Amino acid sequence: PLTGSAQGPFRVRAESARAPIRISADIEGRGIASNEATLNALMGPSPRVSLVGALSNGRFAIESGSVQMAGLRASMTGRIADSGAVSGRATGVLSRAIDVGGAVIEAAAFTADVAGTITRPVVDLRLSDGAVSTAGVSVRDLSGMANATFGEAIEGRFALAGDSDTGPFRASGRIEAGEGD
């Protein structure tokens with residue numbers, strides 16, 4: 001859960017009675033906080049979110065957006081079709097080290113493509129320029145991928161590679177989670 005407030009300008013307009021309703025917003029948080037330390041470090045007290053989207057036939061589609069937080073900068077584009085099909089792309093980079101409890105993610109950049117449907121989206125994530133420290137071991141030049149399908153359950157796979165103080169680092173496996181909520 002988050003506490004705090006947010007404010008900023010937004011605009012709602014339609015070019016004609018039959019045109020989609022266009023919505024844009026530039027919202028900045030004020031005194032945002034969480035009881036989750038990692039989330040606090042990532043967001044900071046004043047995250048900023050900018051979105052541009054359209055409302056048409058009862059569906060809202062985010063066409064582009066960006067997030068500027070204390071520990072993350074990201075942007076995205078995407079569409080949600082009337083059929084429920086989704087497509088999108090996001091890119092981002094950590095702007096400072098983040099302690100995730102037992103490990104510190106020192107650096108990371110990502111790109112992600114989203115496809116599928118609203119009820120069963122598929123995410124293809126690519127990681128690059130990563131660095132992580134845990135249990136006295138540092139892994140640098142970390143890169144990898146993850147592919148996951150979300151729905152009633154979450155399923156997918158991941159692979160990571162990098163260089164550590166003790167030699168090459170490699171990890172791969174399956175992603176599985178129960179109910180998908």
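These lines cover the structure that appears in this document, whether it is placed above or below. The model shown is predicted, which means the values in this text are computed figures rather than measured ones. (Residues numbered from 1 in each chain as written. Predicted model: local features only at pLDDT ≥ 70, side-chain atom pairs only at ≥ 80, totals over all residues. Heavy atoms only, no water.)

**Here's the deal with the pattern of salt bridges**
Step number 1: By the definition in use, this model includes 11 salt bridges.
Step number 2: Put simply, Arg-89 and Asp-113 hold a salt bridge, and the shortest N to O gap is 2.8 Å. With a gap of 24 residues between them, Arg-89 in strand 7 (residues 86-94) and Asp-113 in strand 9 (residues 103-116) connect regions that are remote in the sequence.
Step number 3: Judged by relative accessible area, which is 26%, Asp-113 ranks as partly exposed.
Step number 4: Among the charged side chains, a salt-bridge network with shared partners connects Asp-26, Glu-28, Arg-30 and Arg-48. (Salt bridge = Lys/Arg side-chain N within 4 Å of Asp/Glu carboxyl O. Helix = DSSP H or I, 4+ residues; strand = E, 2+ residues; numbered from the N terminus. Buried < 20%, exposed > 50% of the residue type's maximum accessible area, 1.4 Å probe, protein only.)

**Regarding the pairing of strand 3 (residues 21-34)**
Step number 1: Judged from the five bridges that link them, strand 1 (residues 2-7) and strand 3 form a sheet pairing that is antiparallel. Paired with Ser-5 across the bridge in strand 3 is Arg-30.
Step number 2: With four bridges joining them, strand 2 (residues 10-13) and strand 3 adopt antiparallel strand pairing. Considered in strand 3, the bridge of Arg-11 is made with Ser-24.
Step number 3: Bridging between strand 3 and strand 4 (residues 48-56) involves eight bridges; their strand directions are antiparallel. Pairing of Ala-25 across the sheet is with Leu-51, part of strand 4. (Pairing = 2+ DSSP bridges.)

**Things to note about the environment of Ala-74**
Step number 1: Relative to the assigned elements, Ala-74 resides in strand 6 (residues 72-80).
Step number 2: Ala-74 sits in the buried class, given a relative accessible area of 17%.
Step number 3: When neighbours within four sequence positions are excluded, Ala-74 is seen to be in contact with Gly-65, Ser-66, Val-67, Thr-91, Gly-92 and Phe-110. (Contact = heavy atoms within 4.5 Å.)

**Here we look at the pairing of strand 5 (residues 59-68)**
The two faces of the sheet receive side chains in turn, since in a regular strand these alternate between them.
Step number 1: The pairing of strand 4 with strand 5 spans nine bridges and is classified as antiparallel. The partner of Ser-56 across the bridge, within strand 5, is Arg-59.
Step number 2: Taken together, strand 4 and the strand that follows it, strand 5, pair antiparallel across an intervening segment of two residues, in which Asn-57 is found at a positive phi of about 55°.
Step number 3: Pairing geometry for strand 5 and strand 6, over five bridges, is antiparallel.

**Focus: unusual backbone geometry**
Step number 1: Although it is not a glycine, Asp-129 sits at a positive phi angle of roughly 50°.
Step number 2: Inspection of the secondary structure assignment puts Asp-129 in strand 10 (residues 121-134).
Step number 3: A relative accessible area of 58% means that Asp-129 is categorised as exposed.

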